[in-house]
Amino acid sequence: MAKMMHCSPEEVRSWPWSDVVRLLAYNALEREEFDRRVQPHRPHAAAPHRASASGPTTNTTVYRFGPRPAPKR
């Protein structure tokens, strides 16, 4: 991530965890969107040519993180 943001790893380590997690979540969403655009739509052979009754499936990513480290003095 540091290379992506043109920052040194030391600088990224000083960022608040909430910013890092938000950036990681945004990156995951961007990757999913890119994958959907790049992969060709392949219909299932047994599936009918109408939308399924259950609707589209979604994937939710949850990031969990511990308490913030004590500030350096």
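Check the entry above for the structure.
Structural notes, computed from the coordinates. Predicted model, so just to flag it, every value in this text is computed and none were measured.

The next subject is the overall build of the chain. A tally of regular secondary structure across the chain gives two helices and zero strands. Expressed as a percentage of its 73 residues, the buried residues of the chain come to 10%.

Another point: the pattern of salt bridges. Taken as a whole, this structure holds four salt bridges when the rule is applied. For Asp19, the salt bridge is made with Arg22, and the minimal N-O distance between the two is 3.3 Å. Taken together, the positions of Asp19 and Arg22, both in helix H2 (residues 17-38) and three residues apart, correspond to about one turn of that helix. By relative accessible area, Arg22 is classed as exposed at 55%. Between Glu33 and Arg37 there is a salt bridge whose closest N-O contact spans 3.6 Å. Here Glu33 pairs with Arg37, and both are found in helix H2, just four residues apart, close to one helical turn.

Parameters at a glance
Residues numbered from 1 in each chain as written. Predicted model: local features only at pLDDT ≥ 70, side-chain atom pairs only at ≥ 80, totals over all residues. Heavy atoms only, no water. Helix = DSSP H or I, 4+ residues; strand = E, 2+ residues; numbered from the N terminus. Buried < 20%, exposed > 50% of the residue type's maximum accessible area, 1.4 Å probe, protein only. Salt bridge = Lys/Arg side-chain N within 4 Å of Asp/Glu carboxyl O.

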